[in-house]
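One letter stands for each residue in the lines below.
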Amino acid sequence: MVEWLYKGVLPDRPTNIIVEHLFTRFGSAWAFTNCWMAEDDGQVIGGMHAALGSAFSAGPTDLMVPEDRAALVEPFGRLRTPEAMHIISICVDSRCRGQGVGKTLMLEVESLAARAGTNLTSLNVRCDNPRAIDLYTRLGYAEAISVDVSIPTVYTGRIVHMTKQI
């Protein structure tokens, strides 16, 4: 979805290059300093991006995101728990799924939360991802709120905000 936000905002500039600026916004939730990787024999097999929910308001407004696109992602703003360590994204290489990589990354966020002084973690998940919902539920996450979103060509459906007391 991040690439969709920035696609075409600078003519003749690849979207992935534009997105890189997002991760260099130090002090914001999006900074690459909030990213962690899982490796096996020097190969990246998973990754996670997490930050305190309160960090989402930190940093300058991104004027590169067109107003019409920013309005479409507004519902995600309601899917935040400011005092929680929020998992922005988590992914596992498809060849490594079912081997505990996702669980390991999820447990790491609990350590990050404790070090940040909070006992709450949160995440958002699409309703059409039952495998992820099952993992999060087995790890103790529960639905806090859900909203319907409609972002043409990206996703139309329900997003669930889940939290866990640690």
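Details of the structure are given in the entry above.
Now for a look at the structure at hand.

The rules we used
Residues numbered from 1 in each chain as written. Predicted model: local features only at pLDDT ≥ 70, side-chain atom pairs only at ≥ 80, totals over all residues. Heavy atoms only, no water. Buried < 20%, exposed > 50% of the residue type's maximum accessible area, 1.4 Å probe, protein only. Helix = DSSP H or I, 4+ residues; strand = E, 2+ residues; numbered from the N terminus. Arc of directions from axis to C-beta. Contact = heavy atoms within 4.5 Å. Expected span 1.5 Å × (residues − 1). Pairing = 2+ DSSP bridges. Right-handed = clockwise from strand over helix to strand, strands pointing away.

Looking at helix 5 (residues 130-138)
Burial in helix 5 covers these residues: Ala 132, Leu 135 and Tyr 136. When helix 5 is viewed along its axis, its buried side chains cluster within an angular range of 95° and face the same direction. Opposite the buried face of helix 5, by more than 90 degrees, sit the exposed residues Pro 130 and Arg 138. Considering only its buried residues, helix 5 is in contact with strand 3 (85-92), helix 4 (101-116), strand 4 (120-126) and strand 6 (155-165). A positive phi of about 105° marks Gly 140, the residue just after helix 5.

Let's talk about helix 4
Spanning 16 residues, helix 4 covers 23 Å between terminal C-alpha atoms, matching the ideal 22 Å at 1.5 Å per step. Among all positions of helix 4, only Val 101, Gly 102, Leu 105, Met 106, Val 109, Glu 110, Leu 112 and Ala 113 are buried. Close packing links the buried residues of helix 4 with strand 1 (35-40), strand 2 (43-52), strand 3, strand 4, helix 5 and strand 6. Two residues or fewer past helix 4, Gly 117 is found with a positive phi of approximately 85°.

Some details on the pairing of strand 3
Pairing of strand 2 with strand 3, which is carried by seven bridges, proceeds in the antiparallel orientation. Residue pairing for strand 3: His 49 is matched across the bridge by Ser 89. Assessed by its sense of winding, the connection that carries the chain from strand 3 through helix 4 to strand 4 is right-handed.

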